[in-house]
Amino acid sequence: MKNIIILSLLLICTNTFGQTTDIAIIPEPVSLKVQKGSFLLDNNVTINDNDLEGAKNVMHMLTGYLDANYGVKLSITGPHPNGRSIRIEQDNQFNQKEGYGITITHDFVVLKGTAQGLFYAVQTFIQLLPSVKNGALNLPLISINDYPRFGYRGMHLDVCRHFFPTEFVKKYIDYLAFHKFNYFHWHLTDDQGWRIEIKKYEKLITIGSKRNGTIIGRYPGTGNDNTPHGGFYTQDEIRDVVKYAADRFITIIPEIEMPGHASAAIAAYPDLSCFPDESTQVPKGAAWSGSTTGKQVQQTWGVFEDVFCPTENTFTFLENVLDEVMALFPSKYIHIGGDECPKESWKRSPFCQQLIKEKGLKDENGLQSYFIQRIEKYVNSKGKSIVGWDEILEGGLAPNATVMSWRGEKGGIAAIKEGHHVIMTPDTYVYFDHSQNKHEDSVTIGGYLPLEKVYNYEPVPPVFTEAQASDSMGKAKFVLGAQANLWTEYITNPRKVEYMIFPRMSALSEVVWTPKAKKDWSNYQRKLPAMLKRYEFMGASYSKSYYDLQSSVLPSADFNGLVWKLESKNKEGHIIYVKGRSNNATFNYSKSLVISANGEYGAALSRKDHTFISNWIWQKFAFNKATGKKIILKDKPADNYPGSGAFTLVNGIVTTEKLSQSSEWLGFLGKDLDATIDLGKPQAIRKIALDVLRQEGSWIYPPSSVEFLTSADGRTFKSQAIVHPGTNGNWPNERKIEKEFSNLNARYIQIIAKNYGIIPSGQPGSGTPAWLFADEIEVE
Ligand code: ACM
């Protein structure tokens with residue numbers, strides 16, 4: 001009877017929330033129950049010691065954390081503490097290897113799980129504490145049961161384009177641990193620097209880890225900084241970092257790139273090239289520092305033709321390198337790159353052509369496959385497995401390889417169909433080098449990847465059913481998990497690394513940890529302010545772009561002007577705007593502004609006391625006869641560069657910075673642009689222009705031709721001119737492709753811009769379809 005009374009009392013007090021208003025755990029746990037009341041965590045609380053190593057480590061971690069951050073000193077007791085206490089209970093048979101439970105009552109806190117689970121329990125526990133140093137630590141009374149959705153939860157860091165010292169690499173590993181990630185993909189070799197000491201080949205460090213300078217700004221750059229850049233990790237440092245990560249249940253996967261991205265290795269050992277006597281090619285238009293004679297470490301970004309030659313000398317070198325790498329990294333997986341390997345030098349090389357014949361290979365793709373399969377055999381013979389970027393599918397996949405799908409999801413889908421494991425890292429969702437805001441505040445590689453898009457990523461591609469994707473335990477069978485990549489061409493320092501990963505990494509943590517059914521964007525948004533405070537508390541920088549003013553430009557109701565709409569997620573302030581940069585008069589924004597003439601407007605989120613919450617955003621509007629008019633596109637742009645649909649082409653906004661406002665560009669991958677505009681009434685037309693982007697480094701090419709057509713009725717169109725912007729790579733530098741007319745009168749205008757086609761050899765992305773990027777159509 002007594003038990004029944006206690007049980008019913010408990011039921012009355014228990015309030016089981018899926019979402020609670022003040023508990024903000026990211027990633028969201030599998031199950032979280034909350035009761036009224038709190039547990040006071042102060043110096044009177046004891047914590048139990050434990051014989052088991054995992055529990056002991058966690059005990060030290062937790063006591064150290066509480067002391068360092070809050071000055072709370074717990075006293076350590078025997079295994080069975082009395083009174084108000086924290087009890088750490090290691091259970092190696094816990095039902096999930098990475099799972100844990102937390103129970104907090106008025107009198108005690110229990111953390112339960114395997115050693116790894118307990119580690120994650122502490123990460124969750126930390127999120128129950130306030131992000132301020134002073135004040136009482138009142139913990140909510142909760143019960144949590146938690147375990148991850150995916151076994152592979154990864155973050156990548158490129159230390160080649162810019163070097164980061166071990167202290168920061170450790171901090172990065174701490175960030176991974178805090179978000180319950182368990183794999184760190186360390187990108188250690190590339191064209192711009194070799195970063196790992198290999199005892200047998202010391203020139204990899206004395207020559208390969210240094211470059212004489214770096215381009216300034218976005219590729220191809222406005223010059224060269226003429227400042228040497230270098231750095232490498234000694235084997236002792238690597239061992240230290242590997243141990244540091246292992247203590248945090250993080251496996252480090254080293255990446256040794258081959259057969260492409262090999263310039264730094266070739267600079268050290270020219271015989272690894274098919275053409276050892278040829279000097280390194282400096283990309284057109286890129287400024288260079290120092291000598292261009294002989295083999296050089298690259299100073300700019302992109303893809304380079306001088307790759308590893310598949311000779312016995314190269315294989316011996318790579319096997320020796322891999323021997324040292326495999327001895328340093330206990331990881332089962334060794335990443336061997338495999339991406340972006342141009343086939344130019346193999347095509348020119350009599351040795352490679354002979355090898356293709358001898359081995360009965362189809363072509364140079366077959367040779368790439370031969371290369372990767374040979375390395376795979378070697379790695380397998382040492383009891384390890386290879387991971388490679390999705391280009392390793394070309395010419396035939398190595399039998400035991402795990403594929404990292406980065407060029408969207410299609411490589412991953414193809415590999416799954418061949419029965420391979422995949423790790424999803426699609427550039428469209430998890431390339432954290434892409435911009436997170438539309439009004440960019442520093443140079444990035446381009447693209448627009450806001451927080452919400454990361455959050456809504458689903459690693460099991462929708463073409464597979466849950467049954468096809470999962471084993472009988474409900475675990476993904478082929479999709480091991482997902483990973484975000486951080487390429488550092490435009491990330492030169494630790495503060496910017498933090499800025500680029502936070503808070504997007506927290507969104508990704510829910511993608512890879514939280515059960516699909518419990519993922520909830522609105523609940524995540526509720527928790528985000530608490531997470532940002534945690535980043536501040538740990539002294540990390542982060543992006544506030546989630547709170548940026550969002551501006552959109554729409555057609556006016558009569559198609560004779562534009563409407564500028566402003567919104568903010570931050571409800572603390574109100575939006576103000578100004579007309580023109582030199583105008584001091586500010587206006588309160590209450591509804592969308594109708595804009596009908598050229599001008600520049602600024603807006604910001606202001607507090608009552610006239611201080612600003614947000615940065616100012618500025619928008620220039622430039623009107624022409626097509627601005628705000630009805631427009632239709634025959635084919636939609638690609639999903640990752642949709643702009644705001646066809647209207648983007650007539651919205652009066654001409655982007656001023658290459659890729660920075662990438663939401664202003666419509667991107668067509670391998671496809672043509674075919675747009676028709678209704679000017680509303682017949683008009684005299686003196687000139688028509690199409691704004692396009694030329695950025696070969698990002699696979700973006702001007703169209704091969706642009707045809708201008710007109711019509712009086714919108715049905716029968718007459719071709720007025722075809723412009724060929726350039727041939728054989730001799731593109732003009734200007735962005736606008738335009739044509740002047742005399743005596744032309746029309747109501748409808750059609751513009752057909754033909755895609756460039758396949759990217760030529762020797763260029764980044766060669767052999768794949770080119771992007772066509774268009775911004776504005778201007779009619780005068
Ligand atoms: C890659 O981004 N080239 C894998």
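Note that the structure is a prediction, hence the values are computed from the model and not measured.

1. Considerations on the overall build of the protein
Along its length, the protein carries 18 helices and 35 strands. Whereas a compact globule of 780 residues would reach a radius of gyration of roughly 28 Å, the protein reaches 29 Å, a difference of no more than 12%. For the C-alpha atoms alone, the extent of the protein along its principal axes is close to 95 × 70 × 50 Å. Relative to its full complement of 780 residues, the protein shows a buried share of 58%. Of the roughly 32,200 Å² of accessible surface on the protein, 52% is carried by carbon and sulfur atoms. Positive and negative side-chain charges in the protein, numbering 84 and 84 respectively, have mean positions lying 5 Å apart.

2. Some points on the nonpolar core
With 155 residues, the main nonpolar core has L41, F125 and W186 as its most contacted residues. Once you skip the residues sitting within four places of it in the chain, F125 turns out to touch L41, L62, I86, I102, I104, V109, L111 and L139. L549, I595, I749 and A753 belong to the second-largest nonpolar core, a separate cluster that totals 48 residues.

3. Here we look at the pattern of salt bridges
Evaluated as defined, the whole model comprises 29 salt bridges. Of the charged contacts, one joins D190 and R161 as a salt bridge, the two residues approaching to 3.4 Å between their closest N and O atoms. Of this pair, D190 sits in strand β11 (residues 189-190) while R161 sits in the loop between β9 (152-158) and α4 (166-178), and the two are 29 residues apart along the sequence. You can call D190 buried: its relative accessible area is 2%.

4. Quick look at the state of the cysteines
The full count for this structure, using the stated rule, is 1 disulfide. Disulfide pairing is shown between C274 and C309; the S-S distance is 2.1 Å. Where C274 bonds to C309 through sulfur, the torsion about that S-S bond is close to 90°, and the disulfide is right-handed. One end of the pair, C274, is in the loop between α7 (263-268) and α8 (312-328); the other, C309, is in the loop between α7 and α8, and 35 residues separate them in sequence. Here C341 is not disulfide-linked; the sulfur of C274 is the nearest cysteine sulfur, at 9.6 Å. Cysteine C352 is unpaired, with the sulfur of C274 as its nearest cysteine sulfur at 3.6 Å.

5. Here we look at the confidence of the model for the protein
On average, residues of the protein score 92 in pLDDT, and 94% of them reach the 70 mark or higher. Within the protein, the element-level pLDDT minimum falls on strand β1 (residues 14-15), averaging 36, and the maximum on strand β10 (residues 183-187), averaging 99. Counting interchain partners and residues more than four positions distant, the pLDDT-below-50 stretch residues 1-20 has 17 contacts.

6. Digging into the pairing of strand β31 (residues 673-692)
In terms of residue burial, β31 counts as a mostly covered element, since 15 of its 20 residues are buried. Note: strand β28 (residues 630-633) against β31, 4 bridges, orientation antiparallel. Paired with L633 across the bridge in β31 is A675. Sheet topology note: the β31/strand β34 (residues 736-754) ladder contains 14 bridges and is antiparallel. Looking at β34, one finds that A689 is bridged to E738. Here β31 runs beside strand β35 (residues 771-779); their pairing, made up of 4 bridges, is antiparallel. What sits directly across from I688, in β35, is V779.

7. Here's the deal with the sheet that holds strand β22 (residues 562-567)
One open sheet accounts for 3 strands, arranged β21-β22-β25; its pairing is antiparallel. Edge positions in the sheet fall to β21 (550-555) and β25 (593-595), since each of these pairs with one other strand and no more. Averaged over all pairs of adjacent strands, the angle between strand axes in this sheet comes to 30°, irrespective of strand direction. Judged from the 3 bridges that link them, β22 and β25 form a sheet pairing that is antiparallel.

8. Points about the sheet that holds β9
Read once around its circumference, the closed barrel built from 8 strands follows the order β9-β10-β15-β16-β17-β18-β19-β20, with strand pairing classed as parallel. Taken pair by pair, the neighbouring strands of this sheet meet at an average axis angle of 30°, ignoring direction. Note that strand β18 (residues 402-405) and strand β19 (residues 422-424) share 3 bridges and pair parallel. Looking at the pairing, M404 lines up with I423 of β19. Contacts from helix α17 (residues 504-513) reach β9 and β20 (479-484), with the element oriented near 145° to β9.

9. A look at the side chain of S331
Within the secondary structure layout, S331 lies in the loop between α8 and β16 (333-337). What makes S331 buried here is its relative accessible area of 3%. One polar contact links the side chain of S331 to the main-chain carbonyl oxygen of Y333, over a distance of 2.6 Å. Setting aside anything within four residues of it in sequence, one finds S331 in contact with T251, I252, I253 and K384.

10. Considering helix α6 (residues 235-246)
An α-helical turn contains 3.6 residues, so any two residues separated by three or four positions project in the same direction. Across its 12 residues, α6 extends 16 Å between first and last C-alpha, which sits within 8% of the 16 Å expected from 1.5 Å per residue. For α6, the elements touching its buried residues are α4, β10, β15 (251-258) and α8.

11. Here's the deal with the packing of α4 against α6
Taken N-terminus to C-terminus, the directions of α4 and α6 make an angle of 15°; their axes are 10 Å apart at the nearest point. Taken together, the axes of α4 and α6 lie roughly parallel to each other. Taken as a pair, α4 and α6 cross one another with a handedness that is right-handed. Side by side, α4 and α6 meet where T166, V169, K170, I173 and D174 of the first sit next to E237, D240, V241, Y244 and A245 of the second.

Basis of the calculations
Residues numbered from 1 in each chain as written. Predicted model: local features only at pLDDT ≥ 70, side-chain atom pairs only at ≥ 80, totals over all residues. Heavy atoms only, no water. Helix = DSSP H or I, 4+ residues; strand = E, 2+ residues; numbered from the N terminus. Rg over C-alpha atoms; globule rule 2.2 N^0.38 Å. Buried < 20%, exposed > 50% of the residue type's maximum accessible area, 1.4 Å probe, protein only. Areas by Shrake-Rupley, 256 points an atom, 1.4 Å probe, with all protein chains shown as cover. Lys, Arg positive; Asp, Glu negative; His and termini not counted. Charge placed at Lys NZ, Arg CZ, Asp CG, Glu CD. Core = buried A, V, L, I, M, F, W, Y, C linked by side-chain atoms within 4.5 Å. Contact = heavy atoms within 4.5 Å. Salt bridge = Lys/Arg side-chain N within 4 Å of Asp/Glu carboxyl O. Disulfide = S-S within 2.5 Å. pLDDT = per-residue confidence, 0-100. Pairing = 2+ DSSP bridges. Axes fitted to C-alpha atoms, helices over the stretch in contact; angles between N-to-C directions. Polar contact = N/O pair within 3.5 Å; in protein donor to acceptor, adjacent residues only side chain to side chain. Expected span 1.5 Å × (residues − 1). Parallel < 35°, antiparallel > 145°, perpendicular 65-115°, else oblique. Left-handed = near helix turned anticlockwise from the far one by under 90°.

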